[in-house]
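# Observations on chain architecture
Spelled out from the first residue to the last, the chains are:
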Number of protein chains: 2
Amino acid sequence: MATIGDVARKAGVSRSTVSYALSGKRSISAETRERIHEAIIELGFTPNAGARALATSQTMVIGLFVNFFADEFSPAMLQYVLPISDVAREAGYDILMVTETDGPQALRRIASSDMVDGIVLLNVAHNDARIPVLRQARQPGSMVGLPSNTDGVDVFDLDFEESARILVEHLRVRGHRSIILVTPQQHVFERGGAYAWRFRDAALERASRYGIQMFSYAGETRQPAVNRQLNEILDARPEATAMIVHNDAAIAALPSVLHDRGIGVPDDLSVVGIFSEEFGRLFSLPYTAVETSPDELGRSAVQALVRRMVDPAGAGEYAVRFVEPRITDRGSTR
Amino acid sequence: MATIGDVARKAGVSRSTVSYALSGKRSISAETRERIHEAIIELGFTPNAGARALATSQTMVIGLFVNFFADEFSPAMLQYVLPISDVAREAGYDILMVTETDGPQALRRIASSDMVDGIVLLNVAHNDARIPVLRQARQPGSMVGLPSNTDGVDVFDLDFEESARILVEHLRVRGHRSIILVTPQQHVFERGGAYAWRFRDAALERASRYGIQMFSYAGETRQPAVNRQLNEILDARPEATAMIVHNDAAIAALPSVLHDRGIGVPDDLSVVGIFSEEFGRLFSLPYTAVETSPDELGRSAVQALVRRMVDPAGAGEYAVRFVEPRITDRGSTR
DNA sequence: TTAAGTTGTCGAACCGGTTCGATAGTGAGG
DNA sequence: CCTCACTATCGAACCGGTTCGACAACTTAA
């Protein structure tokens, strides 16, 4: 493989001149520049990334740390990853994707060996063990999901409290007084997925304020348990006139369950959910829902990160930004 | 950040001694090793990845090139990516995931700047423009999907011809003489996704050999077109007693479409498909199907690649390996 | 005519590791 | 006691870039 030295020799200049011709950081005469470019083309020269990283202390790579839980409903994850990858590339960065089970250790390994210039965390839990590691790291960090301590990092998340209020309100004004709530899986609570209780607690609070009965269930994860559970719930709560579903697996399974039971939406039951537009299309979900905006969250996280990587000093205070929930009315309530 | 020089100074030895203590490539006295390790711990030293890459010409990173088509049914992709990431890590490699639209250019950029030691291609098309670039690269390459020219690369794919024969045969022995075939989307054919016509052509061939009527349709991609099309097909071919679906979006939508039409499986219609076990569970698909084994394919691709990276000479001939299709009988035929 | 830029280029140092060759010290074998 | 082999360590070179300081040649201003 051709090195900058080969180019220099072929063009009859010094290595530094080639470097300056490439970076434009010092002026180079037009003819020299021309000769250098010819040599580069002829030799097919591309700067070696490792050498450049060593010299500049910049890798132009972003570390993306994703938790994949085997027992979780995974297709939604991709909706975060792809926009992140796209935005990063637009800014000139590549993505090192890390999916190790032991997140903190992986993060330590990658960060301390200086493989990346910045770090994006997905799936952040309330007391996420990756956060202290991230805070120790030299690289700036940005994340999707709300941790308990947000010092020194940029945080992006949906406003789940407000989402819950919007949905309860949507049903309340239509006269519903008895509502089933399906929350995320039990282990999401256990693992500290704050969005789970932020949504649930706000929904319960809002319901109790208006004297609305609310039956809360932690959803199942996998088939066939999901279907079975939905049926059990519907059996147990015949008085409920509406359902709020904050659970991807459950809402994906709901159409067939309701269909099997002969329950019409919205005639027999009003249904609202919280999922992304893309997810809804994938599963053909006909339900009014709050949009979770995974692409906006992913994009924002990377953009904030890039700002800090480019200008570590001038990027301003660290911030927590909540995306405002928007409701999409698909006519599944009345 | 601490460098190997800092460690050396603190331990009172030379830099090379620290390096040898770490790599074990030369013998080091127990006490020196002890002092070095203490210094490493105290300083929190981790070797700089760029410097190491420069010195060893090894990055310990694998480039994973994925094509995401906006109009495609995406959740299946993750089933390849995760096992690949897992296997790579077990072998000590991290994953640089590249999702750029312009695959060939991205590949050239990454490969020629020596950011990775090896390359995995997903979604490989018949005349995939990434293949010639890969062949020029210094790094060995491995892929999932069958290209027209397999020189100099390792190829892994499901045996789609055999899969089609198995499914047709499964229906034939049960007496079906009129079968609907739903193939991948039209643009998969156009883009050269060989698996699409390999499956279709083998199915048609096998059907015609036995005088079975087969109605072939290229499926739609997104809702609500998918549902509409399925209904149209069923309207148009009332004489069909069975259906073979080689299309993720279509088979995911099929249960609700059949349910709406009051068509019972297998009483009114026999249905078989070709999808992964994981995909089937995700969408609660009750259909007999050939398993597509994305994890086995992903794992194999990485394993072959690792073998070549570790020992570029002794990894043997380049090979095309087809995974043998296994049928999972879920009782959706008779 | 000289002092003070400006432009274009070079050489050397540096980034942080790895690895080769040399060497001092130690123990065994003759 | 001498030689030989082996162990433990060091210094220097190298990987392939970037960047700083110096400097020659050429302008421009005084």
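Since the structure is predicted, the reported quantities are computational estimates derived from the model, not experimental observations.

Turning to the protein's contact with DNA strand D, a few remarks are in order. If you check the shell around DNA strand D, you find 32 residues, and the closest are A:Ile4, A:Arg15, A:Arg26, B:Thr17 and B:Thr32. Protein-proximal atoms of DNA strand D, defined as those within 4 Å of the protein, fall in sugar or phosphate at a share of 52%. Secondary-structure elements contributing two or more residues to the surface near DNA strand D are α2 (15–23) and α4 (49–56) of chain A together with α2 (15–23) and α4 (49–56) of chain B. Examining the composition of the surface near DNA strand D, we find that five residues originate from one element, α4(A), more than from any other. When its residues are assigned to classes, the surface near DNA strand D shows 13 nonpolar, 13 polar and six charged.

Of the two same-sequence chains, chain B is brought onto chain A (RMSD 0.1 Å, axial shift 0.0 Å) by a rotation of 180 degrees. Overall, the copies show the geometry of a two-fold rotation axis. Of all interface residues in chain B, 100% are interface residues in chain A too; the two copies therefore contact each other through one and the same surface.

This part is about the protein's contact with DNA strand C. The local shell around DNA strand C holds 32 residues, among which A:Thr17, A:Thr32, B:Ile4, B:Arg15 and B:Arg26 are the closest. Sugar and phosphate atoms constitute 52% of the interface atoms of DNA strand C, taking the interface as everything within 4 Å of the protein. The separation between a phosphate oxygen of DNA strand C and a polar main-chain atom of A:Ser14 is 2.7 Å. Contact distances for DNA strand C include 3.1 Å between a base oxygen and a side-chain N or O atom of A:Ser16.

On to the pattern of salt bridges. Proximity of charged atoms lets side chains of opposite charge pair with each other. The full count for this structure, using the stated rule, is 44 salt bridges over all chains. Residue A:Glu278 is joined to A:Arg281 by a salt bridge in which the shortest nitrogen-to-oxygen separation is 2.8 Å. In this pair, A:Glu278 and A:Arg281 are both assigned in helix α13 (residues 277–282), three residues apart and thus about one turn of the helix distant. B:Arg172 is paired through a salt bridge with B:Glu169; the nearest N and O atoms lie 2.5 Å apart. Separated by three residues within a single helix, B:Arg172 and B:Glu169 lie in helix α8 (residues 160–172), roughly one turn from each other. Here the residues in one salt-bridge network are A:Arg89, A:Asp94, B:Glu100 and B:Arg109, joined through shared partners.

Here the focus is the interface of chain B and chain A. Taken residue by residue, the interface counts 42 residues in chain B and 42 residues in chain A. Each partner contributes to the roughly 3900 Å² buried at the junction of chain B and chain A, and carbon and sulfur atoms together form 61% of this total. Looking at the side of chain B facing chain A, the largest losses of area belong to B:Leu78, B:Met97 and B:Leu282, adding up to 13% of the total buried there. Counting every contact that joins chain B to chain A gives six salt bridges. B:Asp94 is the partner of A:Arg109 in a salt bridge, and the nearest nitrogen-oxygen pair spans 2.7 Å. At the junction of chain B and chain A, the tally comes to 15 residue pairs in polar contact (both at pLDDT 80 or more). For the side of chain B that touches chain A, the element with the most residues is helix α5 (residues 78–90) of chain B, which contributes six residues. Of the residues that constitute the side of chain B that touches chain A, the class distribution is 20 nonpolar, eleven polar and eleven charged.

Quick look at the environment of A:Gly219 now. All names here are of chain A. One can find Gly 219 in the loop between β7 (213–218) and α11 (225–236). Exposure remark for Gly 219: the relative accessible area of 6% places this residue in the buried category. Apart from the residues within four sequence positions on either side, Gly 219 is in contact with Val 182, Thr 183, Pro 184, Gln 185, Gln 186, Gln 229 and Asn 247.

The subject of this paragraph is the sheet that holds strand β10 (residues 288–290) of chain B. Residues and elements named next belong to chain B. Read from one edge of the open sheet, six strands run β7-β6-β8-β9-β10-β12, paired in mixed fashion. This sheet does not close on itself; its edge strands, each paired only once, are β7 (213–218) and β12 (327–328). Note that β10 and β12 share two bridges and pair antiparallel. Across the sheet, Ala 289 pairs through a bridge with Thr 328, a residue of β12. Running over the sheet, helix α10 (residues 194–209) touches β6 (178–183), β7, β8 (242–245) and β9 (270–274) and is turned about 165 degrees from β7. Lying over the sheet, helix α12 (residues 248–261) contacts β6, β8 and β9, oriented at roughly 155 degrees with respect to β9.

It is worth spelling out the packing of helix α8 (residues 160–172) of chain A against helix α10 (residues 194–209) of chain A at this point. Residues and elements named next belong to chain A. Running from N to C, α8 and α10 cross one another at 40 degrees; their axes reach a closest spacing of 8 Å. What the angle tells us is that α8 and α10 run oblique. Between α8 and α10 the crossing geometry is right-handed. Contacts from Phe 160, Glu 161, Ser 163, Ala 164, Arg 165, Leu 167, Val 168 and Glu 169 of α8 reach α10 at Tyr 195, Arg 198, Phe 199, Ala 202, Ala 203, Arg 206 and Ala 207.

Attention shifts here to the domain arrangement of chain A. Its domain assignment divides chain A into domain 1 (4–47), domain 2 (61–158 + 294–323) and domain 3 (160–293). Distance from the C-alpha centre of domain 1 of chain A to the C-alpha centre of domain 3 of chain A: 63 Å.

The tally for this structure, following the rule as stated, stands at seven aromatic pairs over all chains. Their ring planes at 15 degrees and their centres at 4.6 Å tell us that A:Phe283 and B:Phe283 sit as a pair that is stacked. With A:Phe283 in the loop between α13 and β10 (288–291) and B:Phe283 in the loop between α13 (277–282) and β10, this pair bridges two chains. Take A:Phe283 and B:Phe283: they sit in the same class, and that class is buried. On the basis of an interplanar angle of 35 degrees and a centroid distance of 4.7 Å, the ring pair of B:Phe279 and B:Phe283 is categorised as tilted. B:Phe279 sits in the buried class, given a relative accessible area of 1%. On the basis of relative accessible area, B:Phe283 is assigned to the buried category, the value being 10%. Among the aromatic residues, those joined into a cluster by ring pairs are A:Phe275, A:Phe279, A:Phe283, B:Phe275, B:Phe279 and B:Phe283. Taking the ring centre of A:Tyr210 as reference, the NZ or CZ of A:Arg172 above it sits at 4.0 Å.

Paired through their backbone hydrogen bonds, the strands of a sheet run either parallel or antiparallel. Residue and element names in this part refer to chain A. Pairing is mixed in the open sheet, where six strands are placed in the order β7-β6-β8-β9-β10-β12. Of all the strands in the sheet, just β7 and β12 (326–328) have a single pairing partner and so form its edges. Averaged over all adjacent pairs, the angle separating strand axes in this sheet is 20 degrees, with direction ignored. In this structure, strand β9 (residues 270–274) lies alongside β10, joined through three bridges in parallel fashion. Bridging from a neighbouring strand, Val 272 pairs with Thr 288 of β10. Of the strands in this sheet, β6 (178–183), β7, β8 (242–245), β9, β10 and β12 are in contact with α8, which crosses β9 at around 170 degrees. Lying over the sheet, α10 contacts β6, β7, β8 and β9, oriented at roughly 165 degrees with respect to β7.

Locating B:Ala111 in the fold gives a position in helix α6 (residues 103–112). For the pair formed by B:Ala111 and B:Glu232, sequence separation is 121 residues and the distance between their alpha carbons is 47 Å.

Attention now goes to helix α5 (residues 78–90) of chain A. Residue and element names in this part refer to chain A. With 13 residues, α5 extends 18 Å between its outermost C-alpha atoms, agreeing within 8% with the 18 Å of an ideal straight helix rising 1.5 Å per residue. Counted residue by residue, α5 has ten buried out of 13 residues, so it is predominantly covered. Looking only at α5, the buried set comprises Leu 78, Gln 79, Tyr 80, Val 81, Leu 82, Pro 83, Ile 84, Ser 85, Val 87 and Ala 88. Once α5 ends, the next one or two residues include Gly 92, with phi positive near 95 degrees.

Criteria and thresholds
Residues numbered from 1 in each chain as written. Chains lettered and ligands numbered in written order. Predicted model: local features only at pLDDT ≥ 70, side-chain atom pairs only at ≥ 80, totals over all residues. Heavy atoms only, no water. Near = heavy atom within 4 Å. Helix = DSSP H or I, 4+ residues; strand = E, 2+ residues; numbered from the N terminus. Nonpolar A, V, L, I, M, F, W, Y, C, P; charged D, E, K, R; others polar. Least-squares fit on C-alpha atoms with pLDDT ≥ 70 in both. Contact = heavy atoms within 4.5 Å. Polar contact = N/O pair within 3.5 Å; in protein donor to acceptor, adjacent residues only side chain to side chain. Salt bridge = Lys/Arg side-chain N within 4 Å of Asp/Glu carboxyl O. Buried area = accessible area lost by both parts, 1.4 Å probe. Buried < 20%, exposed > 50% of the residue type's maximum accessible area, 1.4 Å probe, protein only. Pairing = 2+ DSSP bridges. Axes fitted to C-alpha atoms, helices over the stretch in contact; angles between N-to-C directions. Parallel < 35°, antiparallel > 145°, perpendicular 65-115°, else oblique. Left-handed = near helix turned anticlockwise from the far one by under 90°. Domains from an automatic or database assignment. Phe/Tyr/Trp six-rings, centres within 6.5 Å; stacked < 30°, edge-to-face > 60°. Lys NZ or Arg CZ within 6 Å of the ring centre and 35° of its normal. Expected span 1.5 Å × (residues − 1).

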